[in-house]
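What the coordinates show
One letter stands for each residue in the lines below.
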Amino acid sequence: MEGMALVERAAHLLAQLGFMLLVAKLFGEVFERYLKQSPVLGELVGGMIIGPYALGHLIHIPGMHEPLFAIPHGHTGGIPLSPELWGVAQLAAVLLLFGAGLETDFSLFLRFGLPAFVVAIGGVVFPFAFGVFLTIAFGYADSVMHPSALFMGAVMTATSVGITARVLSELGRLGTPEGVTVLAAAVIDDVLGIIVLAIVTSIVQVGEVEALELGKIAVKAFGFWLILTGILVAIAPTLAKTLRRFKGEGALIGLALALCFLIASLTESVGKLAMIIGAYALGLAFSRTELREDLEHALRPLIHGLVPVFFVAMGMLVNFSAMSHAFWFGVALSIAGIIGKVFGCGLPALTVRFNTLGATRIGIGMMPRGEVALIVAGMGLAYKAINEAEFGVAVMMTFVTTFLAPIALMPLFRNPRSGVREKEAVVRE
């Protein structure tokens, strides 16, 4: 594509985006309506099929010289997409995390804060350890501090509460002690996962580090995230009032996105952290202001229109040839992904007044990885901290855990027995 004129490149990009959205919506519809699964899985599968390692080089648009999704010239590993298409995918990821921050409900901490925190800690520590040590065991890293091991560990810590929330909502069990604990723990998991991602990203910037250096990097990454979030939360009410003064049509969402993009960029350039961390922090800050509902409403069409591009792009990164050599690593990581959350979250739940049934519900409710794991894995591939085989394995683990969680949750929550060891007032939705 290097010899293409600027206008041709723009037309090529528009054709790519149009085709990706078409595939995303078609596959998402099939998975949601007929397979009763998250449309995210459909978008991911659609991306795998049309990606450059599958059928992408066979898809042609009349009048264009290049296949729609051919591997770019000069590709030497990492992201097999053009810079402009990858840029749009990253824009979609930033919007996704900005929206996730806006949807965060701090009131859950007040209702089930302690149980959720205990569950969340187990849901980060155990999966992270599994990811790190399995990466070493299968020969993809030679030490605990190796970037590959750390990134695969970070992928394992993610929790996608959207899948679980939807199942619980359909069953009318969102307001149960287990439901509220899962939702609150997933929010804490997001924060802890962001911190882990910040630390790992900083380590990748300087290469492999000794254990003693890890403390400095952790303090720096956590400190930057904490300061950034603290400042944004503090000034959010003032920002909200300022944005309210603009009366032009679309001014609110336009200015909010301007802030989001600027802060995301500064997080990467100044803090040396992932852009999504800044976007999440701003969403978190605005979630406590009067603008929350207005921003969520204005952002929703953008998310529906652009975020599917991100998930299709993640599917397109799967190199089936490279992944086939790491099949057993993928199987082991998928099993560890299940065990890490079910036991990592379930066992701590037993210590905070839940019985075996309630702890099992919570553990499986925390199991799906979804979009967060894909974002982390995509970043690892972009930084060349993980290779294409490891990325494929991460996608496999994400798919397996996200697919199995709703299937296992349904019968557990249809069981009329209480999940707590002693009678408690049920929290209403």
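Residues numbered from 1 in each chain as written. Predicted model: local features only at pLDDT ≥ 70, side-chain atom pairs only at ≥ 80, totals over all residues. Heavy atoms only, no water.

**Looking at the overall build of the protein chain**
A count of helical and extended segments in the protein chain gives 16 helices and zero strands. Counting across all 429 residues of the protein chain, residues that qualify as buried make up 56%. The contacts in the protein chain between residues at least 6 apart in sequence include a share of 80% that link residues at least 24 apart. For the protein chain, the computed accessible surface area is about 18200 Å², with 68% contributed by carbon and sulfur atoms. (Helix = DSSP H or I, 4+ residues; strand = E, 2+ residues; numbered from the N terminus. Buried < 20%, exposed > 50% of the residue type's maximum accessible area, 1.4 Å probe, protein only. Contact = heavy atoms within 4.5 Å. Areas by Shrake-Rupley, 256 points an atom, 1.4 Å probe, with all protein chains shown as cover.)

**What to know about unusual backbone geometry**
Look at R353: it is not a glycine, yet its phi comes out positive at around 75°. Its location among the elements puts R353 in the loop between α13 (327-350) and α14 (356-365). Positive phi, normally seen in glycine, also occurs at K384, with a value near 60°. With respect to the helices and strands, the residue K384 is situated in the loop between α15 (370-382) and α16 (388-414). A relative accessible area of 54% means that K384 is categorised as exposed.

**What to know about empty space enclosed by the protein**
This model, assessed by the stated rule, comprises one cavity of 30 Å³ or more. In this structure, the largest cavity encloses a volume near 70 Å³. Forming the walls of the largest cavity are twelve residues, and the residues nearest its centre are Q16, F69, A70, L81 and S82. The class makeup of the residues in the lining of the largest cavity is nine nonpolar, three polar and no charged. (1 Å grid on protein atoms, 1.4 Å probe; cavity = no way out; pocket = protein on both sides within 12 Å on 5 of 7 lines; lining within 4 Å. Points joined across faces, edges and corners; volume = space filled by probe spheres on them. Nonpolar A, V, L, I, M, F, W, Y, C, P; charged D, E, K, R; others polar.)

**Some words on the nonpolar core**
Within the largest apolar cluster, 122 residues are counted, with the highest numbers of intra-cluster contacts made by M20, F151, F310 and F391. Ranked by size, the runner-up nonpolar core spans ten residues in total, among them L168, L357, A405 and L412. (Core = buried A, V, L, I, M, F, W, Y, C linked by side-chain atoms within 4.5 Å.)

**Things to note about the packing of aromatic side chains**
Given two aromatic rings, one states the distance between the centres and the angle between the planes to describe the pair. In this structure the tally under the stated criterion is seven aromatic pairs. The interplanar angle of 35° and the centroid separation of 6.5 Å between the aromatic rings of F151 and Y383 together place this pair among those described as tilted. With F151 in helix α5 (residues 147-157) and Y383 in the loop between α15 and α16, this pair connects stretches of sequence that are 232 residues apart. Given the relative accessible area of 1%, F151 is considered buried. For the pair F399 and F403, a centre-to-centre distance of 6.1 Å together with 10° between the ring planes defines the contact as stacked. Here the residue F399 and the residue F403 both occupy positions in helix α16, the gap between them amounting to four residues, near one helical turn. Among the residues examined, F403 registers a relative accessible area of 30% and is labelled partly exposed. Ring pairs connect the aromatic residues F138, Y140 and F329, which therefore count as one cluster. Of note, R361 hangs over the ring of F413, and the distance from its end group to the ring centre comes to 5.1 Å. (Phe/Tyr/Trp six-rings, centres within 6.5 Å; stacked < 30°, edge-to-face > 60°. Lys NZ or Arg CZ within 6 Å of the ring centre and 35° of its normal.)

**Regarding helix α2 (residues 39-50)**
Counted at 1.5 Å a residue, the expected span for α2 with its twelve residues is 16 Å, and the 17 Å between its end C-alpha atoms agrees. With ten of its twelve residues buried, α2 lies for the most part within the structure. Those residues of α2 that sit buried are V40, L41, G42, E43, L44, V45, G46, G47, M48 and I50. (Expected span 1.5 Å × (residues − 1).)

**Observations concerning the side chain of T159**
Checked against the element boundaries, T159 lands in the loop between α5 and α6 (161-171). In this structure the side chain of T159 is engaged in a polar contact, spanning 2.9 Å, whose partner is the side chain of K341. A distance of 3.5 Å separates a polar atom in the side chain of T159 from the backbone oxygen of M366. (Polar contact = N/O pair within 3.5 Å; in protein donor to acceptor, adjacent residues only side chain to side chain.)

**Some points on the packing of helix α1 (residues 6-34) against helix α11 (residues 292-316)**
Here α1 crosses α11 at 90°, and the two axes come no closer than 9 Å. Comparing their axes, α11 and α1 come out roughly perpendicular. Counting all contacts with α1, which are made through L17, M20, L21, A24 and K25, the residues of α11 involved are H304, G305, P308, V309, V312, A313 and M316. Among the residues making up the contact of α1 with α11, the classes are represented as nine nonpolar, two polar and one charged. (Axes fitted to C-alpha atoms, helices over the stretch in contact; angles between N-to-C directions. Parallel < 35°, antiparallel > 145°, perpendicular 65-115°, else oblique.)

**Concerning the packing of α1 against α2**
Between α1 and α2, the least distance of the axes is 7 Å, while the angle of their chain directions is 130°. Taken together, the axes of α1 and α2 are oblique relative to one another. Judged by the twist between their axes, the crossing of α1 over α2 is right-handed. Every residue of α2 that contacts α1 at F19, M20, V23, A24, F27, G28, F31 and E32 is listed here: P39, L41, G42, E43, V45, G46, I49 and I50. In the contact of α1 with α2, the residues fall into eleven nonpolar, three polar and two charged. (Left-handed = near helix turned anticlockwise from the far one by under 90°.)

**Brief notes about a nonpolar patch on the surface**
A cluster of nonpolar side chains, contributed by F117, I121, V125, F126, F130, I335, I339, F343, L347 and L350, occupies part of the molecular surface with about 860 Å² of accessible area. Contributions of two or more residues to the nonpolar patch are made by α4 (107-137) and α13. Checked against the element boundaries, I335 lands in helix α13. (Patch = residues over 30% accessible without salt bridge, like charges linked within 9 Å, V, L, I, M, F, W, Y side chains within 5 Å. Salt bridge = Lys/Arg side-chain N within 4 Å of Asp/Glu carboxyl O.)

**Some remarks on the confidence of the model for the protein chain**
Taken residue by residue, the protein chain gives an average pLDDT of 83. The fraction at 70 or more is 87%. No element of the protein chain has a lower mean pLDDT than α6, at 68, and none a higher one than α13, at 93. Confidence drops under pLDDT 50 across residues 424-429; counting only partners more than four residues distant or on other chains, this segment forms 14 contacts. (pLDDT = per-residue confidence, 0-100.)

**Observations concerning the side chain of Q16**
Within the secondary structure, Q16 is located in helix α1. The class for Q16 is buried, based on a relative accessible area of 5%. Here Q16 is in contact with L68, F69, S82 and L85, once residues within four sequence places are set aside.

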